[in-house]
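Close look at the chain arrangement
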Amino acid sequence: MKILKIQFQNINSLKGEHVIDFTKEPFTQNSLFAITGPTGSGKSTILDVIALALFNQVPRIGKISKDKDIIKKGAILTRNQKEAYAKIAYSCKNGNYESTWSISTNRNDNLRDYEMQIQDLDSEKLLDLKKSDVPSKNEELIGLNYNQFIKSVLLAQGEFAQFLKVDKAERGELLEKITGTWIYREIGRKTYEKHKQVSKEIEQQQQQIAMITTKLLEADSKTQLKNELETWQKSLENEQKSVKSLEKQLALKKQLANLKEELAQVTAGKAMSEKALFNFQEANGKVLAGHEKVYEQAEKLNQWQTAKNELKSFNEEREKLNENRVKNTKNLDKCVEDVSAFIASPVTFENLSEKIDSFREKVTALRDDLFKKGELKKSLLQALTSETRDLEIDLNQDLDLVGEKLNLQSQTISQELKTLQQQIQLTKDQNPETEKNRVKRLEKLALEAKNLTENINRLQTDIASAKAEKEQFLPELKSLPAKTEHAATHVKLQQTQLEKLRQQEKYEARIASLEQSRSELKDGEPCPLCGALHHPFAVHTPDLKNELANEINKAESDLKEAQRNFTQSETRIAFLKDQSKKIDNKLIHLNKDHESLKEKFKQEYSTHFKENENWLEVIEQIERKLQALDAYEKALRKKSALDASKPLLNELKSVEKEGKALKTDYKKLYSGSNINKDCQDFHNTFITYRENQTAITKAIEDLILKIDTKTRAFDELTADLEIFIAQKEINSLDEAMRLLLPNATYNALREERENLKNKISAQAASLKTLQKQHTILEEQDTTQAEIELQEKLRESHKNQEILNTQCEHNRRLLKNEDENLTELNRLKGTITDKEKAIKRWRLLNELIGDSTGKRFNEFAQDLTLSQLIQLANKRLESLSDRYRIDKPLEDEDDSLMAIDDHMGGQRRSVKTLSGGETFILSLSMALALSDLASKNVEINSLFIDEGFGTLDPEMLDQTLDTLEKLQAESSKTIGIISHVDSLKERIGTQIQLTRNGQGYSSLEIVQH
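First, a word on scope: everything that follows refers to the structure included in this document. (Residues numbered from 1 in each chain as written. Predicted model: local features only at pLDDT ≥ 70, side-chain atom pairs only at ≥ 80, totals over all residues. Heavy atoms only, no water.)

**A look at the overall build of the chain**
- The helix and strand inventory of the chain stands at 23 helices and 17 strands.
- Going through the 1008 residues of the chain one by one, you find that 37% of them count as buried. (Helix = DSSP H or I, 4+ residues; strand = E, 2+ residues; numbered from the N terminus. Buried < 20%, exposed > 50% of the residue type's maximum accessible area, 1.4 Å probe, protein only.)

Structural data, given as structure tokens:
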């Protein structure tokens, strides 16, 4: 992950809009830069902007809340400002993206909630995300969460200086906070809780087993219960047999009593039935006898009565038909009179239909002519409306006035056409529509050509910019090889010089060690070592120690400076070559695109335009001509409409006049609304009355014939029946009809009589059967009284209840015993299964579990600390060859230990180190954590906050050398946040922050 650009507005004290673009100069040449400025000027605000734009969090506050942090605390938003934003462009393995955080006020100056979004810079499209999803999406794209990001990209040294010196307990808390190893504490605590939970379940079940065991019966008690149960069950069976016997005897006595009661009821019922039969005979016997006297001629008597009634009905119907015939004749006459008045002409029965049809045809023909005129008027008016829709003519007014307005507009349009034709210079052969299409195509081509030339010009600018950028560092790139070679030579010379001085130091030290031999030398006698006769140092040794030491120190300093210059030269050459290659590749693509676009313009647009056209003027001319062509076409349409409207108007006038005349004639002839209906109604009425007259006459003739036939049959039937009634001594046929009962009445009376007789027979039979049953039951009955039997039954029931209670008590005790044994076996089996399952939790609890999770957390922290120290020592090798970091031994101080290799591997607490030494170690730890936190994510941007003020000049140079080397090896962009003035001399690229008198800060990017 690499930060490409930082852009923000009104964040903390940095009022206004600020941009830091790491893809442009001076950052492309110097990726190591310093962020400098006085305390409170906003140096750390730049780090806040990065974290805020990506995760809506800042290191010093945490997650940002509108109400709690921005409104109440006054954080983030610059004082007296209404809006702010933080924007970060970055590259990662997934592509290039820009993440934005923003906030603003509404029109009432109330702060809105913050917004966040991510844009894909390659496709220039916004990702479809809710603002709450943006931090997690950045985490997914970058590969680091917020905590990992601020520990691998934004390195705060103070936290690690504290980490070095605190005791084991506090170091554990800091390590947990820095690396996120709190999860191991939670795992240890959860393991303890899980083991406690499953162990508790087993303990509870063991308690249940103990409780159940205390409830189990002794073997003798259980046997005694079973024996008692068997004895009581036998006694219970005897009592049950006694109860059944007593209940049977009582039931027999009750059955006898019921039978006596039933005998009394049947005897009484039989007497009542016999009395009912006597009463029936008294009431209905005479009527039934009369009916049975005439019953054999019942059918003929009914026929005689029916014929008599029919003859009476026929005569009444004939009288009614005669009345209807007179009434219908009057209606016919009235219908003829009404038709004569309707058609204004006399009619008769014979010609009524003919005259109605003739009148209807005449009215219909006149109506059709009037309708045709109306339709023609409507059609002409519709056509005229269509033609005049663009002429602003009101056709609802007088048609003569409409004609005058059409003539006036015709003159105006003719003059307008002449003017427009001169303006657009159309020949007679040219079609306006064709010309308009041609101009539109030309306009489209002009717009395309304009866009193409703009792209060509932009590419020319980009090419020139790339060439200029390359020209800026070409002289430096040409001079650097010689400079690097010179620096390498200078390094070798300094190494040779230092080696000579160190040899000289060893030589003088050897001389100093021969102090005793030197004192024994005498002039004139040969030296045992070299054979010389003159001994200038026999008396004293020259004092050159301090002078030689100063020369060695100076040589070592010169060698470091030469090595630093050589490293810088090599790094700069590699960087400039890489930049040169990138620019060359960019120029190849730009030139290719430029030539391609120029060729496209030549092939597609050079026929119509030049590449250096004034496109604004060209497009304006085309648009003016299009407007003139539109106006000309509109005027032509109006002229055509006026020419077509005049004959339509004249025809409309003529049709309107003819229609008025037809309407007058129609009203004179017929004033109704539906001629067909009126004529058809008269026709239907006349036909109905005439058909009624014929039907009535026919009905009267048929009825007379029926009366004659029915009269003859009636007379014959009367003669036969009079002979029958004479034999039965009945005075008349009407008296015979009165004796004759209706069939239903006769059948009902006869059925009632038979039912009474049958009921009496049945009751007699029942009485005989009941008497027989009573005799049998009396023989089976006991001599004991019913009260005595009931007393014995109550006593047996009481004994049975006592025995039942005793049996149930023993059964319940025995059942409880069986259930307790079953539950005991089940619990033992469950505990066995759980003991197998808990085995792994017991083992885990022994290894890592405790109530606070401290055991496993300390183990994990110790591993993490070892890994962190290993990575820190690798970083420390490039910063200092004197110290290594190690964990404290059991008998040492709780703080981390520094191993001093310059003092023979002496171990000392980091608390004894100077401020500069502490900074070097803490910087190593910070860089190590960056390596640890980023894991497999490539981090190409680092920001290191403060701590450089504690270093002496030599250590500061060495630290900066290491950071330059780190930047060169990894192509990282490294920013150092500090207020140390000496950094300005060493680091040329700086982001300088200054404060003004109002409390606001300004930002400036400078290159020394």
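After that view, the rundown keeps rolling.
**Digging into the nonpolar core**
- In this structure, Ile6, Phe149 and Phe943 are the most contacted members of the largest nonpolar core, which totals 83 residues.
- A per-element tally of this core places helix H1 (residues 43-55) first, with nine residues.
- For Ile6, the contacting residues outside a window of four places in its chain are His18, Val19, Ile20, Phe22, Ile46, Val49, Ile50, Lys87, Ile88 and Phe943.
- Listed in part, the 50 residues of the second largest apolar core include Leu406, Leu426, Ala446 and Leu576. (Core = buried A, V, L, I, M, F, W, Y, C linked by side-chain atoms within 4.5 Å. Contact = heavy atoms within 4.5 Å.)

**A word on the sheet that holds strand E11 (residues 883-886)**
- Judged by pairing direction, the sheet is antiparallel, and its three strands sit side by side in the order E11-E12-E13 without closing on themselves. Only two strands of the sheet have a single partner each, and these edge strands are E11 and strand E13 (906-909). If you compare each strand with its neighbour and ignore which way they point, the axes differ by 35 degrees on average.
- Sheet topology note: the strand E12 (residues 897-900)/E13 ladder contains four bridges and is antiparallel. Paired with Ala898 across the strands is Arg908, a residue of E13. (Pairing = 2+ DSSP bridges. Axes fitted to C-alpha atoms, helices over the stretch in contact; angles between N-to-C directions.)

**Digging into the packing of aromatic side chains**
- The full count for this structure, using the stated rule, is 15 aromatic pairs.
- Summarising the aromatic geometry, the rings of Trp101 and Tyr114 are spaced 6.4 Å apart at their centres and angled 15 degrees between planes, so their arrangement reads as stacked. Highlighted residues: Trp101 in strand E7 (residues 95-104) and Tyr114 in the loop between E7 and strand E8 (115-120), separated in sequence by 13 residues. Neither Trp101 nor Tyr114 differs from the other in exposure class; each is buried.
- Here Trp304 and Phe714 contribute two aromatic rings whose centre-to-centre distance is 5.8 Å and whose plane-to-plane angle is 20 degrees, an arrangement assigned as stacked. Note that Trp304 is positioned in helix H9 (residues 298-343) and Phe714 in helix H16 (residues 675-727), a separation of 410 residues in sequence.
- On the basis of relative accessible area, Phe714 is assigned to the buried category, the value being 16%.
- Aromatic ring contacts, followed pair by pair, group Phe22, Phe27, Phe33 and Phe943 into a single cluster.
- Here Lys87 stacks its cationic end above the ring of Tyr85, 5.3 Å away from the centre of that ring.
- Sitting over the face of the ring of Tyr114, Lys131 holds its NZ or CZ atom 4.6 Å from the ring centroid. (Phe/Tyr/Trp six-rings, centres within 6.5 Å; stacked < 30°, edge-to-face > 60°. Lys NZ or Arg CZ within 6 Å of the ring centre and 35° of its normal.)

**Some words on the packing of H9 against helix H10 (residues 352-387)**
- Here H9 crosses H10 at 25 degrees, and the two axes come no closer than 11 Å. Relative to H10, the element H9 lies roughly parallel. Handedness of the crossing formed by H9 with H10: left-handed. Seen from H9, the contacting residues are Val336, Val339, Phe342 and Ile343; seen from H10, they are Leu352, Lys355, Ile356 and Phe359.
- Here the residues of the contact of H9 with H10 are counted per class, giving seven nonpolar, no polar and one charged. (Parallel < 35°, antiparallel > 145°, perpendicular 65-115°, else oblique. Left-handed = near helix turned anticlockwise from the far one by under 90°. Nonpolar A, V, L, I, M, F, W, Y, C, P; charged D, E, K, R; others polar.)

**Some thoughts on the environment of Val266**
- One can find Val266 in helix H8 (residues 219-294).
- Residue classification places Val266 among the buried positions, given a relative accessible area of 16%.
- Here the alpha-carbon distance between Val266 and Ser766, two residues 500 residues apart in the chain, equals 7.4 Å.
- Excluding residues that lie within four positions of it along the chain, Val266 makes contacts with Gln763, Ser766, Leu767 and Leu770.

**Focus on the pairing of strand E15 (residues 973-977)**
- A large share of E15 lies buried, amounting to five of its five residues.
- Alternating positions in E15 separate into two faces, Thr973, Gly975 and Ile977 on one and Ile974 and Ile976 on the other, with burial throughout.
- Here strand E3 (residues 32-36) pairs with E15 via four bridges, running parallel. Of the residues in E15, the one forming a bridge with Phe33 is Gly975.
- Judged from the five bridges that link them, strand E14 (residues 941-945) and E15 form a sheet pairing that is parallel. Bridged to Asp945 within E15 is Ile977.

**Some words on a nonpolar patch on the surface**
- On the surface, a nonpolar cluster with roughly 220 Å² of combined accessible area is contributed by Ile183, Tyr184 and Ile187.
- Looking at the secondary structure, you find Ile183 in helix H7 (residues 182-215). (Patch = residues over 30% accessible without salt bridge, like charges linked within 9 Å, V, L, I, M, F, W, Y side chains within 5 Å. Areas by Shrake-Rupley, 256 points an atom, 1.4 Å probe, with all protein chains shown as cover. Salt bridge = Lys/Arg side-chain N within 4 Å of Asp/Glu carboxyl O.)

**Remarks on unusual backbone geometry**
- Look at the link from Glu25 to Pro26: it is a cis peptide, with omega at 5 degrees.
- Counting through the fold element by element, Pro26 comes out in the loop between strand E2 (14-21) and E3.
- Of note in this structure, Asn12 is not a glycine but carries a positive phi near 50 degrees.
- Among the secondary structure elements, Asn12 is positioned in the loop between strand E1 (2-11) and E2.
- At Asn80, a residue that is not glycine, the phi angle is positive and equals roughly 70 degrees.
- Relative to the elements of secondary structure, Asn80 occurs in the loop between helix H2 (66-72) and strand E6 (83-92).
- Judged by relative accessible area, which is 63%, Asn80 ranks as exposed.

**Quick notes on the pattern of salt bridges**
- Evaluation of the coordinates by the stated rule reveals 24 salt bridges.
- With its nearest N and O atoms 2.8 Å apart, the salt bridge here joins Glu274 to Lys270. With Glu274 and Lys270 both in helix H8 and four residues apart, the pair spans about one turn of that helix.
- We classify Glu274 as partly exposed; its relative accessible area is 36%.
- The salt bridge partner of Asp558 is Lys554, with a shortest N-O separation of 3.0 Å.

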